[in-house]
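Summary of the model geometry
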Amino acid sequence: DLIRDIQRKFENQTIATLVKILSYLPKPPAILVQVLREYDYRNLKTLLRAKNTGLRDLPLWDISPYGEVPLDYDGFPENLKDTGFWDLVSRMGEKELFDLEFELDKRYYAELAGHAADLPARERKIMGPLVSLEITLQNLIWSLRLRYYFSLPWEKVEKLLFPTGYGEIPLDRKSVV
């Protein structure tokens, strides 16, 4: 519990700092907002798990005013209607939780890579390798989890990695999609 509490406090401080920094900017860069929105995606995965398991004691991350996912267990999934995640609701009954979470992760990283691709060339030279490294590290962690926690053979693991096309941030956004 101590480690979880320390991690929670650290992440709350990180969120507060990021929100404060973004609040000073008249129009925050989309890539910085996307980095903060990782917590929005985490909230959505928590809500999906709660819907499937009935567990509602997991805390949600408040990234106001940059969050899109309503922080409400009771209104979920209907409260996604006016968000960019509404399309997910129709697939909730069709796909396993695992597949929905993976789909959300792929979506997050595609958007992150897209925002990196939208940066001016000088900034893209700096951010592109960082985004690429983040995606590579997530693939490494994810592949180890799939192999050792879920005992999946490499043939299945390989299909569940984030597309390697994100590895090199393209010069234009069209190549990300």
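See the structure above.
First, a word on what this report is: a plain description of the structure on this page. (Residues numbered from 1 in each chain as written. Predicted model: local features only at pLDDT ≥ 70, side-chain atom pairs only at ≥ 80, totals over all residues. Heavy atoms only, no water.)

**Here we look at the pattern of salt bridges**
Following the criterion strictly, the structure yields 12 salt bridges and no others. For the salt bridge of Arg37 with Asp40, the shortest nitrogen-to-oxygen distance reads 3.3 Å. Given the relative accessible area of 11%, Arg37 is considered buried. Its salt-bridge partner being Arg56, residue Asp74 comes within 2.6 Å of it at the nearest N-O pair. Linking Asp74 in the loop between helix 3 (38-53) and helix 4 (86-91) with Arg56 in the loop between helix 3 and helix 4, this pair joins segments that are 18 residues apart in sequence. (Salt bridge = Lys/Arg side-chain N within 4 Å of Asp/Glu carboxyl O. Buried < 20%, exposed > 50% of the residue type's maximum accessible area, 1.4 Å probe, protein only. Helix = DSSP H or I, 4+ residues; strand = E, 2+ residues; numbered from the N terminus.)

**Structural notes on the packing of helix 5 (residues 97-118) against helix 6 (residues 121-148)**
Remark: helix 5 packs on helix 6, axes separated minimally by 9 Å, with the N-to-C direction vectors making an angle of 165 degrees. In this view, helix 5 runs roughly antiparallel relative to helix 6, as classed from their interaxial angle. Seen from above, helix 5 lies across helix 6 with left-handed handedness. For the pair formed by helix 5 and helix 6, the contact residues are Phe98, Phe102, Tyr109, Leu112, Ala113, Ala116 and Ala117 on the first element and Arg124, Val131, Glu134, Ile135, Gln138, Trp142 and Leu146 on the second. Of the residues contributing to the contact of helix 5 with helix 6, the split by class is 11 nonpolar, one polar and two charged. (Axes fitted to C-alpha atoms, helices over the stretch in contact; angles between N-to-C directions. Parallel < 35°, antiparallel > 145°, perpendicular 65-115°, else oblique. Left-handed = near helix turned anticlockwise from the far one by under 90°. Contact = heavy atoms within 4.5 Å. Nonpolar A, V, L, I, M, F, W, Y, C, P; charged D, E, K, R; others polar.)

**Describing the nonpolar core**
In this structure, Leu44, Leu48, Phe76, Phe85 and Leu104 are the most contacted members of the largest nonpolar core, which totals 32 residues. Of the residues forming this core, the biggest block, eight residues, is contributed by helix 5. Not counting residues up to four positions away in its chain, the partners in contact with Leu104 are Tyr41, Leu44, Lys45, Leu48, Phe85 and Leu88. Listed in part, the nine residues of the second largest apolar core include Ile15, Val33, Tyr39 and Tyr66. (Core = buried A, V, L, I, M, F, W, Y, C linked by side-chain atoms within 4.5 Å.)

**Overview of the packing of aromatic side chains**
Within this structure, the stated rule accounts for five aromatic pairs. Measuring from ring centre to ring centre gives 5.4 Å for Tyr41 and Tyr108, while their planes differ by 70 degrees; the resulting arrangement is edge-to-face. Of this pair, Tyr41 sits in helix 3 while Tyr108 sits in helix 5; the two residues are 67 residues apart in sequence, bridging distant segments of the chain. One aromatic cluster is present, built from ring pairs that chain together Tyr41, Phe85, Tyr108 and Tyr109. Across the ring face of Trp61, the terminal group of Arg8 is positioned such that the distance to the ring centre comes to 3.7 Å. (Phe/Tyr/Trp six-rings, centres within 6.5 Å; stacked < 30°, edge-to-face > 60°. Lys NZ or Arg CZ within 6 Å of the ring centre and 35° of its normal.)

**Some points on helix 3**
Helix length check: helix 3 (16 residues) gives 22 Å between terminal C-alpha atoms against 22 Å at 1.5 Å per residue, within 8%. Within helix 3, burial applies to Tyr39, Asp40, Tyr41, Asn43, Leu44, Lys45, Thr46, Leu47, Leu48 and Ala50. The elements touched by buried residues of helix 3 are helix 1 (2-23), helix 2 (30-36), helix 4 and helix 5. A positive phi of about 85 degrees marks Gly54, the residue just after helix 3. (Expected span 1.5 Å × (residues − 1).)

**Quick word on the side chain of Ser143**
One can find Ser143 in helix 6. Beyond its immediate stretch of four places on either side in the chain, Ser143 contacts Trp154, Val157 and Leu161.

**Structural notes on unusual backbone geometry**
Omega for the peptide link from Ser64 to Pro65 comes to 5 degrees, which places this bond in the cis form. That bond from Phe76 to Pro77 is cis: its omega, 5 degrees, falls within 30 degrees of zero. By secondary structure assignment, the location of Pro77 is in the loop between helix 3 and helix 4.

So, to be careful, I would describe these as geometric facts and stop short of saying anything about function.
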